[in-house]
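# Chain and residue survey
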Amino acid sequence: MDHGQISIWDLAIVAIYLLAMVLVGVYAARRIKSSGDYYVAGRSFGPLVLMATVCATIIGGSGLMGRAGVAYSSGFKAVMTALPYLLGMFIFSGIAGKISDIGMKYNISSIPELFEMRFGKTAKLILSAMIAFTMMGTVASQVTATATIVNMLGGEIGLSYEVGALIACVVFMIYTATSGLFGVVYTDVLQFYILILFVYILIPAASLINVGGISNFTANLDPALVKPYLDGSILGDIVTYLVFTMAGAEMWQRAFAAKNRKAAKEGMFLGTAVYGVTIFLVFFMGIVAHQIIGDDVLAQYGSTDAVVPALAIKVLPIGLTGVALAGMLSVIMSTADSYLLVSVQTCVRDIGKTLHPEMSEKTELRLSRLFSVILPLGALVIALYIKNAYNILMFAWTFYAAAAGIPAFAALFWKKATNQGIIAGMVSGFAVCIGWKLLGQPFGLGSAVPGTIACAIALAAVSLATYKKYPPKTL
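Residues numbered from 1 in each chain as written. Predicted model: local features only at pLDDT ≥ 70, side-chain atom pairs only at ≥ 80, totals over all residues. Heavy atoms only, no water.

## Brief notes about the overall build of the chain
In terms of helices and strands, the chain carries 19 helices and 0 strands. When burial is assessed residue by residue, the chain has 60% of its 475 residues classed as buried. Residue pairs at least 24 apart in sequence account for 86% of intrachain contacts in the chain once pairs closer than 6 positions are excluded. By element, 69% of the accessible surface of the chain is carried by carbon and sulfur atoms, the whole surface being about 17,200 Å². (Helix = DSSP H or I, 4+ residues; strand = E, 2+ residues; numbered from the N terminus. Buried < 20%, exposed > 50% of the residue type's maximum accessible area, 1.4 Å probe, protein only. Contact = heavy atoms within 4.5 Å. Areas by Shrake-Rupley, 256 points an atom, 1.4 Å probe, with all protein chains shown as cover.)

As structure tokens, then:
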């Protein structure tokens, strides 16, 4: 690595940024008066705030560094797996208004609470357990991305990957524990503008200048990197991303936090549209790295997650390198805090308060802050075991998408869905997905495909067999 371009000023900028995020969290804590403030910020967000937080949450460490690493190593796969998520988010944008209305009407603040209302406590607890683990795994992917940057910055002074992961956890703990959704969303707004300007515009532009312009870039481009292709693994990822958007607990939380139906739909749509533009910028950064850094990123840095920070170090001058790396950290943190908060809400409110309904408001808030410290430690363990942001993300999302995507859609739109059918669908989707993985994913097919099919069949068959005898609740 060319350490000559990393100065004390770059390190100082990154350190100041991390400290600033902690201080924002402490300051925002003053606005927290109740658990409703902590989890849905009093349902106060308009479309522009939602746009920024939605986009910042989507393009996190796995969406930036992980996907750029996929582009670097596997070419067009990075685009093939991003477009289904984009499509799914546009579909979700269309139903976000309905979710907002339901939240207002029934005082619901999470997808498990909707499941309890329609299908009972058992369905709620099963879904909650899956969400808690999935969100923790997603936080782990952000810890991995942060640790990669810290390791690259501090390698000369002894900051290892493991130390970087610990630093990431401590920062996530403090400002999520103190500020709840108020702090999470308003830091997301700031981070959104930082990352767009200093990561998604500055690094691609500087990279293009570095390779001598678009004509030289295309002349030296390996055609295999831009050739579309499809295999069983990619198909599995496509289904995972597409179905996951229907049950993404972090986006349901954003819809519940909107001040009205219109704000929910517009904010989701605008945030998704901006994400759509970033897909191709991330792809470009992944493939241009071959011409600027070379073909041995994995050997140099230990992970293809290092592609984007390595580009920043290579093509940017002192000072701007630090700003760009702080921008990457902003991407990571805006995703980490969102998923951590959902995981906390699920453990404390959706599981804890369901099992102990007499829990007081004060106790709930205190436990929420406690779990904001405990859960990142689980994410740290995962990040130390699987040191690749994209792999961790897909590990966490695959079984959840297979088990919860179709049931979430049914909870909103299918009046004949019964509690027996929903439980059968979730259990079948989860069991088939895990079983398919244990069998080594026959035919090279990603486990989300058979898992989702099994979930849909079980849900429909059992619901149709039981809805007359056990009429379901409807919205």
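## Overview of the packing of helix H3 (residues 47-58) against helix H11 (residues 249-257)
Helix-helix packing is described using two parameters, namely the angle between the two axes and the distance between the axes. Contact geometry of H3 with H11 gives a least axis separation of 11 Å together with a crossing angle of 175°. Between H3 and H11, the angle is such that the two are roughly antiparallel. On the side of H3, the interface is formed by Leu50, Thr53, Val54, Thr57 and Ile58, while H11 contributes Glu250, Met251 and Arg254. (Axes fitted to C-alpha atoms, helices over the stretch in contact; angles between N-to-C directions. Parallel < 35°, antiparallel > 145°, perpendicular 65-115°, else oblique.)

## Brief notes about the packing of helix H12 (residues 261-292) against helix H14 (residues 307-315)
Where H12 meets H14, the axes come as close as 10 Å, and the angle between the chain directions of the two elements is 50°. Judged by the angle between their axes, H12 and H14 are oblique. Crossing of H12 against H14: the hand is left-handed. Where H12 approaches H14, its residues Met285, Gly286, Val288, Ala289 and Ile292 are matched on the opposing element by Val307, Val308, Leu311, Lys314 and Val315. Here the residues of the contact of H12 with H14 sort into 8 nonpolar, 1 polar and 1 charged. (Left-handed = near helix turned anticlockwise from the far one by under 90°. Nonpolar A, V, L, I, M, F, W, Y, C, P; charged D, E, K, R; others polar.)

## Examining the pattern of salt bridges
The final tally for this structure, using the stated rule, is 4 salt bridges. A salt bridge links Glu116 to Lys124, with the shortest nitrogen-to-oxygen separation between them at 3.0 Å. When its relative accessible area of 4% is taken as the criterion, Lys124 is described as buried. Salt-bridge contacts for Lys262 lead to Glu266; the nearest nitrogen and oxygen are separated by 3.9 Å. (Salt bridge = Lys/Arg side-chain N within 4 Å of Asp/Glu carboxyl O.)

## Notes on unusual backbone geometry
If you check the backbone angles, Asn107 has positive phi at about 55° while not being a glycine. Along the chain, Asn107 turns up in the loop between helix H5 (77-106) and helix H6 (111-119). Despite not being glycine, Phe443 shows a phi value in the positive range, around 65°. For Phe443, a relative accessible area of 80% translates into the label exposed.

## Points about the confidence of the model for the chain
Residue-level pLDDT values for the chain average 83, and 88% of them are 70 or greater. Confidence, read as mean pLDDT per element, is least for helix H2 (residues 35-40) in the chain (48) and greatest for helix H19 (residues 448-466) (96). Low pLDDT (under 50) marks residues 36-41, which in the prediction has 36 contacts with non-local residues, meaning those over four places away or in another chain. (pLDDT = per-residue confidence, 0-100.)

## A look at the packing of aromatic side chains
Across all of its chains, the model carries 15 aromatic pairs by this definition. Each ring, one from Phe76 and one from Phe283, has its centre 5.6 Å from the other, and the planes form 85°; the classification is edge-to-face. With Phe76 in the loop between helix H4 (61-74) and H5 and Phe283 in helix H12, the pair connects residues that are 207 residues apart, well separated along the chain. Neither Phe76 nor Phe283 differs from the other in exposure class; each is buried. Aromatic pair Tyr85 and Tyr275: ring centres 5.7 Å apart, planes at 85°, arrangement edge-to-face. Here the residue Tyr85 occupies a position in helix H5, and Tyr275 occupies one in helix H12, the gap between them amounting to 190 residues. Residue classification places Tyr275 among the buried residues on the basis of a relative accessible area of 5%. Each residue in the set Tyr85, Tyr241, Phe244, Tyr275, Trp397 and Tyr400 is aromatic and connected to the rest through ring pairs, giving one cluster. (Phe/Tyr/Trp six-rings, centres within 6.5 Å; stacked < 30°, edge-to-face > 60°.)

## A look at the side chain of Thr278
When you line up the elements, Thr278 lands in helix H12. Of the residues examined, Thr278 reaches a relative accessible area of 3% and is grouped as buried. Within polar-contact distance, the side chain of Thr278 engages the backbone oxygen of Tyr275 at 2.7 Å. Dropping the residues within four chain positions of it, Thr278 is found in contact with Ile59, Ile196 and Tyr200. (Polar contact = N/O pair within 3.5 Å; in protein donor to acceptor, adjacent residues only side chain to side chain.)

## Description of H19
The terminal C-alpha atoms of H19 lie 27 Å apart, and with 19 residues this matches the ideal 27 Å at 1.5 Å per residue to within 8%. Every buried residue belonging to H19 is among Ala448, Val449, Pro450, Gly451, Thr452, Ala454, Cys455, Ala458, Leu459, Ser463 and Thr466, and all of these are buried. (Expected span 1.5 Å × (residues − 1).)

## Structural notes on a nonpolar patch on the surface
The grouping of Ile8, Trp9 and Ile318 at the surface amounts to a nonpolar patch, some 390 Å² of accessible area in total. Within the secondary structure layout, Ile318 lies in the loop between H14 and helix H15 (320-355). (Patch = residues over 30% accessible without salt bridge, like charges linked within 9 Å, V, L, I, M, F, W, Y side chains within 5 Å.)

## Here's the deal with H14
Among the 9 residues of H14, 8 are classified as buried, and the element is accordingly described as predominantly covered. Buried residues of H14: Val307, Val308, Pro309, Ala310, Leu311, Ala312, Ile313 and Val315, and no others.

## A look at the environment of Val170
With respect to the helices, strands and loops of the structure, Val170 is situated in helix H8 (residues 161-210). For Val170, a relative accessible area of 38% puts it in the partly exposed group. Residues Val170 and Pro376, spaced 206 residues apart in sequence, show a C-alpha to C-alpha distance of 8.2 Å.

## Comments concerning the environment of Phe371
With respect to the element layout, Phe371 can be found in helix H16 (residues 361-385). Distance from Phe371 to Val348, taken between C-alpha atoms, is 7.7 Å for residues 23 residues apart in sequence. Setting aside residues no more than four positions away along its own chain, Phe371 makes contact with Val344, Cys347, Val348 and Pro376.

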